[in-house]
Amino acid sequence: MQTEFCKQLGIEAPIFAFTHCRDVVVAVSKAGGIGVLGAVGFSAEQLKEELDWIDEHIGDHIYGVDTAIPQKYEGMDKSTPEELVAMLQAAIPEQHRKFTEKLLSDAGVPEWPDKDDDVTLSFSAVQAQALVDEALTRPNCRMIVNALGTPPADVIKQVHDAGRLIGALAGRLKHGINHKEAGLDFVVCQGSEGGGHAGEVTSMVLWPQMVDAVAPLPVLAAGGIANGRQMLAAMSMGVSGVWMGSRWLNSSEAHAEPAQRESYMNATSEDTVRSRSFTGKTARMLKNEWTEAWEREDTPDPLPMPLQGYLTFDAVRRTHRYAGSGDCQKVAFNPIGQVVGQINEVESCRDIMFHLLSEYAEALEHVNAINPE
Ligand SMILES: Cc1cc2nc3c(=O)[nH]c(=O)nc-3n(C[C@H](O)[C@H](O)[C@H](O)COP(=O)(O)O)c2cc1C
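Residues numbered from 1 in each chain as written. Predicted model: local features only at pLDDT ≥ 70, side-chain atom pairs only at ≥ 80, totals over all residues. Heavy atoms only, no water.

1. Brief notes about the overall build of the protein
- Along the protein, the regular secondary structure elements total 14 helices and eleven strands.
- The C-alpha atoms of the protein give 20 Å as radius of gyration, which agrees with the globular expectation for 373 residues (21 Å, within 12%).
- Here the protein holds 373 residues, and 53% of them are scored as buried.
- For the protein, contacts bridging at least 24 residues in sequence account for 68% of all contacts bridging at least 6.
- Counting 31 positive and 52 negative side-chain charges, the protein places the averaged centre of each group 3 Å from the other. (Helix = DSSP H or I, 4+ residues; strand = E, 2+ residues; numbered from the N terminus. Rg over C-alpha atoms; globule rule 2.2 N^0.38 Å. Buried < 20%, exposed > 50% of the residue type's maximum accessible area, 1.4 Å probe, protein only. Contact = heavy atoms within 4.5 Å. Lys, Arg positive; Asp, Glu negative; His and termini not counted. Charge placed at Lys NZ, Arg CZ, Asp CG, Glu CD.)

Here it is as structure tokens:
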């Protein structure tokens, strides 16, 4: 079931797997789709290590790298990481630091052992450029994807000059149109039900509008796809493939602490919320005491991106490493979409791909059978 876009890339199935886990990238690419490594939060050295591993294990298959290359952000004028860190440090109010620390200590989340560990400058141009440079040294990395907004013109040119494709996520129609006008090769259109950063409009409403608005640019449907029936619904709207994030979080290849897996397994589709409390922009995640605490009238409001992400960087790494400690899950960062309610078992990526495609075929048969003669 190759679409034109699949043919352009040379992949068998129109399944794009967003993941932070290198093992998932390799498993999905080997099973006929394409794994895209989420590199936001990685330093260039960490990305190099991950890509070395992927290149060693992926054979002739291809993959992508996703990062966040901002057009505008607070501190844009700061050119070095040190200057940027100093600006961020100074801009975070003491009240926010104390509030964050209290939430973590009340839940019994242990301290990070090495306070001098590198701080990751997620969502900064300084860091993102280094990641793009590293990704483009890899011949099997065939696509760069921007998580937030239209990438700057010089990065688009750099990726094209290297003979690769570049696309970006869009949660609003106007973002997709901006991507097309800037010369991107494809748009990942994410509806509100998806995990991670998500806008207001649901997938069912947004996908067909995006396909029409950016035609003939390929659109990948994201947000709310975790089985073959949902995949068929998306493909019927004229998209060139499906881009899934949540479905892989509980795959056997994904790295996750047992307590985090358990939170995902126990959650229903009603247990997520769009919250600004971790990154400063609305992202969908599991609801818990942390997300509720930031909503209350008597507590500080989340800061804008990238300040909130810088403030909560320590909370994210601590709640992931110590997922099972104390009441950690009450304050943990567990980004996932509404499909969490459908994900009730741990399967390998190969099995997930197999089930997606066989269920897609069954659903298509069902639709064909009800077609009027
Ligand atoms: C845990 C998690 C982290 C995410 N982080 C990013 C990210 O760093 N960059 C990005 O482009 N998208 C990110 N997303 C969004 C995914 O790329 C994808 O669009 C989304 O998961 C699709 O909706 P679904 O969760 O219903 O499959 C993330 C999603 C999840 C679940």
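2. With respect to the packing of helix α8 (residues 173-182) against helix α9 (residues 203-214)
- Between α8 and α9, whose axes approach to 10 Å, the crossing angle comes to 30°. Of the possible angle classes, the one that applies to α8 and α9 is roughly parallel. For the crossing formed where α8 meets α9, the hand is right-handed. Mapping the contact onto sequence places L173, G176, I177 and K180 in α8 and L206, Q209, M210, A213 and V214 in α9.
- The class makeup of the residues in the contact of α8 with α9 is six nonpolar, two polar and one charged. (Axes fitted to C-alpha atoms, helices over the stretch in contact; angles between N-to-C directions. Parallel < 35°, antiparallel > 145°, perpendicular 65-115°, else oblique. Left-handed = near helix turned anticlockwise from the far one by under 90°. Nonpolar A, V, L, I, M, F, W, Y, C, P; charged D, E, K, R; others polar.)

3. Notes on the pattern of salt bridges
- Summed over the entire model, instances satisfying the criterion amount to 19 salt bridges.
- Taking the shortest distance from any N to any O, the salt bridge between D55 and R138 comes out at 3.1 Å. Taken together, the residues span a long stretch of sequence, with D55 in helix α3 (residues 44-57) and R138 in the loop between α6 (125-135) and β4 (141-146) at a distance of 83 residues.
- Look at D55 and you get partly exposed, because its relative accessible area is 28%.
- Residues K102 and D106 are paired through a salt bridge, measuring 2.7 Å at the closest nitrogen-oxygen approach. Note that K102 and D106 are positioned in helix α5 (residues 94-106) at a spacing of four residues, about one turn of the helix.
- You can call D106 exposed: its relative accessible area is 54%.
- A network of salt bridges, in which partner residues are shared, links K48, D52, D55, E134 and R138. (Salt bridge = Lys/Arg side-chain N within 4 Å of Asp/Glu carboxyl O.)

4. Remarks on unusual backbone geometry
- Here the bond from A215 into P216 is cis, since omega is 5°, no more than 30 degrees from zero.
- Within the element layout of this structure, P216 appears in the loop between α9 and β8 (219-222).

5. A word on the sheet that holds β4
- One closed barrel accounts for eight strands, arranged β1-β2-β3-β4-β5-β6-β8-β9; its pairing is parallel. Neighbouring strand axes in the sheet, compared pairwise and without regard to direction, differ in orientation by 25° on average.
- Direction of pairing for β4 relative to strand β5 (residues 165-170): parallel, over a ladder of four bridges. The residue of β5 that forms the bridge with N146 is A168.
- Here helix α2 (residues 22-30) sits on the sheet in contact with β1 (15-19), β2 (34-38) and β3 (63-67), set at roughly 165° to β2.
- Helix α7 (residues 153-161) contacts β4 and β5 of the sheet and is inclined by roughly 140° relative to β5. (Pairing = 2+ DSSP bridges.)

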